[in-house]
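Summary of the model geometry
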Amino acid sequence: MTGRFEGRVALVTGGAHGIGAATVRRLHDEGATVVVADVDPDAARRAVDALPPRAGGAPASVVGCDIRDSASVDAAVATTLERHGRLDVLVGVAGGTGVHAGLLDGMDDATWAAGVDLNLAGPARCVRAAAPHLPRGGAIVLVGSVNGLQAFGDEDYSAAKAGLVSLAQNLAVRLGRRGVRINVVAPGTVRTRVWTDRADPDRLAPLYPLGRVGEPEDVAAAIAFLASDDAAWITGVTLPVDGGVLAGPLAHFETLGGGGDPAADVSDR
Ligand SMILES: NC(=O)c1ccc[n+]([C@@H]2O[C@H](COP(=O)([O-])OP(=O)(O)OC[C@H]3O[C@@H](n4cnc5c(N)ncnc54)[C@H](O)[C@@H]3O)[C@@H](O)[C@H]2O)c1
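Residues numbered from 1 in each chain as written. Predicted model: local features only at pLDDT ≥ 70, side-chain atom pairs only at ≥ 80, totals over all residues. Heavy atoms only, no water.

**Quick notes on the side chain of Asp38**
Within the secondary structure, Asp38 sits in strand β2 (residues 33-38). Buried and unpaired, Asp38 has Arg193 as its nearest opposite-charge partner, separated by 6.4 Å. Separated by 2.8 Å, the side chain of Asp38 and the backbone nitrogen of Asp40 make a polar contact. When neighbours within four sequence positions are excluded, Asp38 is seen to be in contact with Gly14, Gly15, Ala16, Ala44, Val63, Gly64 and Cys65. (Helix = DSSP H or I, 4+ residues; strand = E, 2+ residues; numbered from the N terminus. Buried < 20%, exposed > 50% of the residue type's maximum accessible area, 1.4 Å probe, protein only. Lys, Arg positive; Asp, Glu negative; His and termini not counted. Salt bridge = Lys/Arg side-chain N within 4 Å of Asp/Glu carboxyl O. Polar contact = N/O pair within 3.5 Å; in protein donor to acceptor, adjacent residues only side chain to side chain. Contact = heavy atoms within 4.5 Å.)

Structure follows, in structure tokens:
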């Protein structure tokens with residue numbers, strides 16, 4: 001593992017579980033000092049305690065934070081600066097669909113507002129609080145979704161995730177002048193508790209041209225790339241991390257039956 005983040009401080013929202021926890025591990029392994037900002041600080045503490053020991057750099061730490069609350073977000077950024085004197089990377093992972101069915105029809109205003117607040121206004125609050133402190137070479141990565149790029153249901157959530165695409169474009173133009181980048185990753189189905197708590201995510205594998213659903217580490221690797229200097233000339237983009245599902249769901253191809261037998265091409269998977 002290269003030390004792409006040695007000497008850098010990263011604030012990761014939603015780092016207690018799933019994609020966020022994998023991102024914390026990845027950035028930590030690559031040398032970052034990570035501050036985990038999560039509404040579930042006990043789980044965040046467990047995630048930090050599970051990190052492998054490292055020779056150099058300040059250890060990872062936790063700050064309780066609810067991205068639905070501006071004061072809480074501002075305090076998390078202030079705490080990071082107090083602890084480490086700098087902030088180089090913001091990763092906005094916190095978000096989710098909640099428990100409702102997610103169809104606009106019959107959705108009450110409060111449910112709509114809650115979905116947009118968590119998935120669009122929340123990350124925007126984090127960007128607003130962190131961006132002024134990011135130095136030249138600093139980077140922001142937000143976690144969107146394939147739902148923000150194509151119709152997959154959960155309509156409040158999807159519209160909010162689509163909003164992140166525009167937010168990143170607008171901020172990329174303004175922040176680029178001072179050498180700060182902002183990008184979005186758009187994962188497909190990723191094996192986290194969001195899926196495993198209710199059903200086997202592997203049932204969705206046939207939708208994916210690469211023949212499997214994603215693992216949190218697949219997304220963490222893309223986040224680390226976009227946050228690193230390897231992506232120094234990339235800003236304002238949304239990168240699908242989706243096993244190819246946006247290129248064309250394999251199941252659709254099989255249903256259409258055109259162009260031969262797709263199974264013949266993928267029989268070695
Ligand atoms: N799992 C998937 O298939 C998938 C697909 C596309 C996008 N995503 C997105 O990836 C992100 C992470 O999803 P996950 O599957 O790892 O979910 P998860 O529930 O495992 O993790 C979400 C984390 O965010 C934290 N969190 C939730 N609300 C918060 C708040 N208001 N303030 C601060 N922290 C909060 C949780 O405590 C948890 O640690 C979400 O934004 C989600 O929309 C997930």
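**Focus: the packing of aromatic side chains**
The full count for this structure, using the stated rule, is zero aromatic pairs. Directly above the ring of Trp195 sits Arg198, whose terminal nitrogen or CZ lies 4.9 Å from the centroid. (Phe/Tyr/Trp six-rings, centres within 6.5 Å; stacked < 30°, edge-to-face > 60°. Lys NZ or Arg CZ within 6 Å of the ring centre and 35° of its normal.)

**As for the pairing of strand β1 (residues 9-13)**
The buried fraction of β1 amounts to five of the five residues, a majority that puts the element mostly inside the structure. Across the two faces of β1 the burial is the same, with Val9, Leu11 and Thr13 and Ala10 and Val12 all buried. Where β1 meets β2, five bridges bridge the pair, whose relative direction is parallel. Bridge assignment links Val9 to a residue of β2, and that residue is Thr33. Crossover handedness for the path β1 to helix α1 (residues 18-29) to β2: right-handed. Alignment of β1 against strand β4 (residues 89-92), held across four bridges, turns out to be parallel. (Pairing = 2+ DSSP bridges. Right-handed = clockwise from strand over helix to strand, strands pointing away.)

**Details of the site of the ligand**
Not every one of the 30 residues close to the ligand is listed here, only the nearest: Asp38, Val93, Tyr157, Thr192 and Trp195. Between the ligand and the protein, one listed contact pairs an oxygen atom with a backbone N or O atom of Ile19 at 2.8 Å. A distance of 3.0 Å separates a nitrogen atom of the ligand from a polar backbone atom of Ile67. Considered on its own, the ligand offers 830 Å² of accessible surface; in the complex 92% of this is hidden by protein. Of all elements in the fold, only α1, α5 (155-176) and α6 (193-196) reach the threshold of two or more residues within the shell around the ligand. For the shell around the ligand, the element with the highest residue contribution is α6, accounting for three residues. Among the residues making up the shell around the ligand, the classes are represented as 14 nonpolar, ten polar and six charged. (Near = heavy atom within 4 Å. Areas by Shrake-Rupley, 256 points an atom, 1.4 Å probe, with all protein chains shown as cover. Nonpolar A, V, L, I, M, F, W, Y, C, P; charged D, E, K, R; others polar.)

**Things to note about helix α7 (residues 216-227)**
Look at α7: 16 Å from first C-alpha to last across twelve residues, which is about the 16 Å you get at 1.5 Å a residue. Three or more residues of α7 are buried, namely Pro216, Val219, Ala220, Ala222, Ile223, Ala224, Leu226 and Ala227. Tucked inside the fold, the buried residues of α7 contact α1, β4, β5 (139-143), β6 (181-187) and β7 (238-241). (Expected span 1.5 Å × (residues − 1).)

**Overview of the sheet that holds strand β3 (residues 61-64)**
Here seven strands make up an open sheet; going across it, the order is β3-β2-β1-β4-β5-β6-β7 and the pairing parallel. If you trace the sheet from one side to the other, it starts and ends with β3 and β7, each paired once. In this sheet, neighbouring strand axes are inclined to one another by 20 degrees on average, regardless of whether the strands run parallel or antiparallel. Where α7 meets the sheet, its contacts fall on β4, β5, β6 and β7, and the angle it forms with β6 comes to roughly 165 degrees. (Axes fitted to C-alpha atoms, helices over the stretch in contact; angles between N-to-C directions.)

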